[in-house]
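Coordinate analysis (summary)
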Amino acid sequence: MARMLPELFSSSVITRWGAGEPVLSKRNIPYEAECVFNAGVAKYQGKYVMVFRNDYQFDGVGGFGRCVLGAAFSDDGVSWSVRRKPFLTVEGLNDPEITRVYDPRLTVMDGRCYMCFAVDTRHGLRGGIAVTEDFESVDILSLSAPDNRNMVLFPEKIGGMYMRLERPMPVYSRGGNRFDLWASRSPDLRYWGDTSLVLAVEDVYYANDKIGPGAPPIRTKEGWLTLFHAVDIDHSRGKNGWETSWQKRYCAGVMLLDLEDPTKIRGLYREPLIAPETRYETDDGFRTNVIFPGGMIAENDGTVKIYYGASDTVECLATAHVDDLIRLCL
Ligand code: BMA
């Protein structure tokens, strides 16, 4: 496919696992699956755990009849063994308002695995926070007011409060699809408030549409290493992927947030961290040119594993050294 303009490139600190081959795709799933992507990943009880989104039953135009969350486990973060049944479905949520559940993000805190996720409901999009012990059932702790999603939890209390990043969608006041990245605090993961703006779309030069959180942040000596997604749109691009009218591009960006007050940005890398470049990212798939980072694992040797959905179709992995990621931001 011809390159999109303006041309955007990944940082040279990024190495794609398998030269951009997926670490998880429909081929790995023991039940009906089509697009397997936008996963949350964490280390939990000595294993890597991944909760991924699986869209299937393509309607031939722009959507899928079904969307479920599946669970997979791994000893090395690369080879995954997928649980035989989906982990969470709309039916499993047992709430007639909810019509779709998607985009899971995992954070381990105090030995428990928390999952943020998005739901479409009959009255708007909501961001949820749940906790699971066994990846078979969840207890829902909170559901936001609509429209809000892309929530991620920090892995510890900060100043005595839980914190999350989130992306509300103010359709009137921002002039359409211009959405920014915000943070809120909570004493108990249930009641959220004290909300403030962290990063606005106009501060990301390679985005002209919207931004939002990506993977849950990880603590480094220089600040909270934080990924986000950043979207640009150009209506002259024409159709890309199987979808009939896809004209957006999603990149992964990186910033460092202040350790004591993560509503303050300590450093922001001005260029994309990961831009769509490989075959799975630009040519193959439902919505091409989408990099959607959802998981980040800091290894003891300084390697950071970054998991991202590619083209809303497969799940890929990139690595970088934590010092290089910090250096980009400062
Ligand atoms: C967003 C979400 C993501 C998806 C992205 C690109 O609005 O639906 O799950 O990856 O669009 O299609």
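Residues numbered from 1 in each chain as written. Predicted model: local features only at pLDDT ≥ 70, side-chain atom pairs only at ≥ 80, totals over all residues. Heavy atoms only, no water.

Section: the site of the ligand
Within the structure, the ligand sits among Asn38, Arg53, Asp103, Arg149, Lys210, Trp246, Tyr250, Arg287, Phe292 and Asp312. Within the side chain of Asp103, a nitrogen or oxygen atom sits 2.5 Å from an oxygen atom of the ligand. Note that an oxygen atom of the ligand is positioned 2.7 Å from one of the side-chain N or O atoms of Arg287. Here the ligand is seated within the largest pocket. (Near = heavy atom within 4 Å. Polar contact = N/O pair within 3.5 Å; in protein donor to acceptor, adjacent residues only side chain to side chain. 1 Å grid on protein atoms, 1.4 Å probe; cavity = no way out; pocket = protein on both sides within 12 Å on 5 of 7 lines; lining within 4 Å. Sits in = over half its atoms within 2 Å of the grid points.)

Here we look at the sheet that holds strand 6 (residues 98-109)
Ordered by their spatial adjacency, four strands build an open sheet running 6-7-8-9, and the pairing between neighbours is antiparallel. Strand pairing shows two members of the sheet lacking a second neighbour, strand 6 and strand 9 (139-143), which therefore form its edges. Ignoring which end each strand starts from, the neighbouring axes of this sheet average 25° apart. Here strand 7 (residues 112-121) pairs with strand 8 (residues 124-132) via nine bridges, running antiparallel. Each bridged residue has a counterpart across the sheet, and for Thr121 the counterpart in strand 8 is Gly124. (Pairing = 2+ DSSP bridges. Helix = DSSP H or I, 4+ residues; strand = E, 2+ residues; numbered from the N terminus. Axes fitted to C-alpha atoms, helices over the stretch in contact; angles between N-to-C directions.)

Brief notes about the confidence of the model for the protein
Confidence along the protein averages 95 in pLDDT terms, with 98% of residues attaining 70 or more. The lowest-confidence element of the protein is helix 2 (residues 279-282), averaging 94 in pLDDT; the highest-confidence one is strand 20 (residues 303-310), averaging 99. (pLDDT = per-residue confidence, 0-100.)

What about the pairing of strand 3 (residues 47-58)?
Within a regular beta strand, the side chains point alternately toward one face of the sheet and then the other, so they alternate between its two faces. Among the twelve residues of strand 3, nine are classified as buried, and the element is accordingly described as predominantly covered. The sheet contact formed by strand 2 (residues 35-44) and strand 3 spans eight bridges and is antiparallel. Paired with Gly40 across the bridge in strand 3 is Val51. Hairpin connection of strand 2 to strand 3: two residues between the antiparallel strands, including Gln45 at a positive phi of 50°. Summarising the sheet, strand 3 and strand 4 (residues 64-74) pair through ten bridges and their orientation is antiparallel. From the neighbouring strand, Tyr48 faces strand 4, where its bridge partner is Ser74. Taking the residues between adjacent antiparallel strands as the criterion, strand 3 and strand 4 are bridged by five residues, where Gly60 takes a positive phi near 85°. (Buried < 20%, exposed > 50% of the residue type's maximum accessible area, 1.4 Å probe, protein only.)

Regarding the packing of aromatic side chains
Summed over all chains, the structure comprises 13 aromatic pairs. Centroid distance Tyr250 to Phe292: 5.8 Å. Interplanar angle 40°. Geometry classified as tilted. On the criterion of sequence distance, the pair formed by Tyr250 in strand 17 (residues 248-257) and Phe292 in strand 19 (residues 291-298) is long-range, its members being 42 residues apart. In this structure Tyr250 comes out as buried when scored by relative accessible area, which is 9%. Taken together, the aromatic side chains of Tyr44, Phe73, Phe87 and Phe135 make up a single cluster linked through ring pairs. When the ring centre of Tyr102 is taken as origin, the NZ or CZ atom of Arg100, which lies over that ring, is 3.8 Å away. (Phe/Tyr/Trp six-rings, centres within 6.5 Å; stacked < 30°, edge-to-face > 60°. Lys NZ or Arg CZ within 6 Å of the ring centre and 35° of its normal.)

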